[in-house]
Amino acid sequence: MFDWNRSCSYDNERKRRFHAAVRSRLKKLAAELGLSPKSYDIRSNRAGMARSGEITLHHDRAYIQVGQFGLHSGQGILIRTCNGRKDFTGGANHFVALNMLDDIPALAAAVRAITGVGRDSPLSADRRAA
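The rules behind each value
- Residues numbered from 1 in each chain as written.
- Predicted model: local features only at pLDDT ≥ 70, side-chain atom pairs only at ≥ 80, totals over all residues.
- Heavy atoms only, no water.
- Helix = DSSP H or I, 4+ residues; strand = E, 2+ residues; numbered from the N terminus.
- Contact = heavy atoms within 4.5 Å.
- Areas by Shrake-Rupley, 256 points an atom, 1.4 Å probe, with all protein chains shown as cover.
- pLDDT = per-residue confidence, 0-100.
- Buried < 20%, exposed > 50% of the residue type's maximum accessible area, 1.4 Å probe, protein only.
- Pairing = 2+ DSSP bridges.

### Here's the deal with the overall build of the chain
Thought 1: Along the backbone of the chain there are three helices and five strands.
Thought 2: Reading the helices (α) and strands (β) of the chain from amino to carboxyl end gives α-β-β-β-β-β-α-α.
Thought 3: Of all intrachain contacts in the chain linking residues separated by at least 6 positions in sequence, the fraction that spans at least 24 positions is 48%.
Thought 4: Approximately 6700 Å² of the chain is accessible, and the part contributed by carbon and sulfur atoms is 51%.

### Describing the confidence of the model for the chain
Thought 1: On average, the chain scores 87 in pLDDT, and the residues at 70 or more come to 88%.
Thought 2: Contacts from residues 123–130, a stretch scored under 50 in pLDDT, to residues over four places away or in other chains number 19 contacts.

### Some details on unusual backbone geometry
Thought 1: The residue Tyr 10 is not glycine, and still its phi comes out positive at about 60 degrees.
Thought 2: Looking at the secondary structure, you find Tyr 10 in the segment before helix H1 (12–33).
Thought 3: We classify Tyr 10 as exposed; its relative accessible area is 59%.

### Some words on the pairing of strand E2 (residues 54–59)
Thought 1: Counting buried positions along E2 gives six out of six residues, so the element sits mostly inside the fold.
Thought 2: Residue alternation in E2 divides its side chains into two sets, Glu 54, Thr 56 and His 58 and Ile 55, Leu 57 and His 59, and both sets are buried.
Thought 3: With six bridges joining them, strand E1 (residues 40–45) and E2 adopt antiparallel strand pairing. Bridge pairing links Asn 45 to Glu 54 in E2.
Thought 4: The pairing of E2 with strand E3 (residues 62–67) spans five bridges and is antiparallel. Note that in E3 the partner of Glu 54 across the bridge is Gly 67.
Thought 5: The antiparallel hairpin formed by E2 and E3 contains two residues in its connecting segment.

Below, the structure written as structure tokens:
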């Protein structure tokens, strides 16, 4: 199990593992939400050595970004609505704990509650398009 709250600043190997682990979890999140592969991108910004960088799942209607930016508060997953994959500002910011990456069904429920996107959500763009 990855220790999400152990900083990866100034530790390139830990940062590499952090990014790989988050990318893997975000792929599982997309599957849990029932997102079609063409409806989202996953990208990674490693940033400078003093930061964790960010890993982003950008769906047509949801923007989910993971980083250690809220390490002291325990909040490190940003979830918000967006209007397409060129919208980088989107709706209101909502934050949940990094350790939710260890409970993908709970994280998916939070994403659905905040954005209305995902399996079993009446607002899901993927369901309306089907």
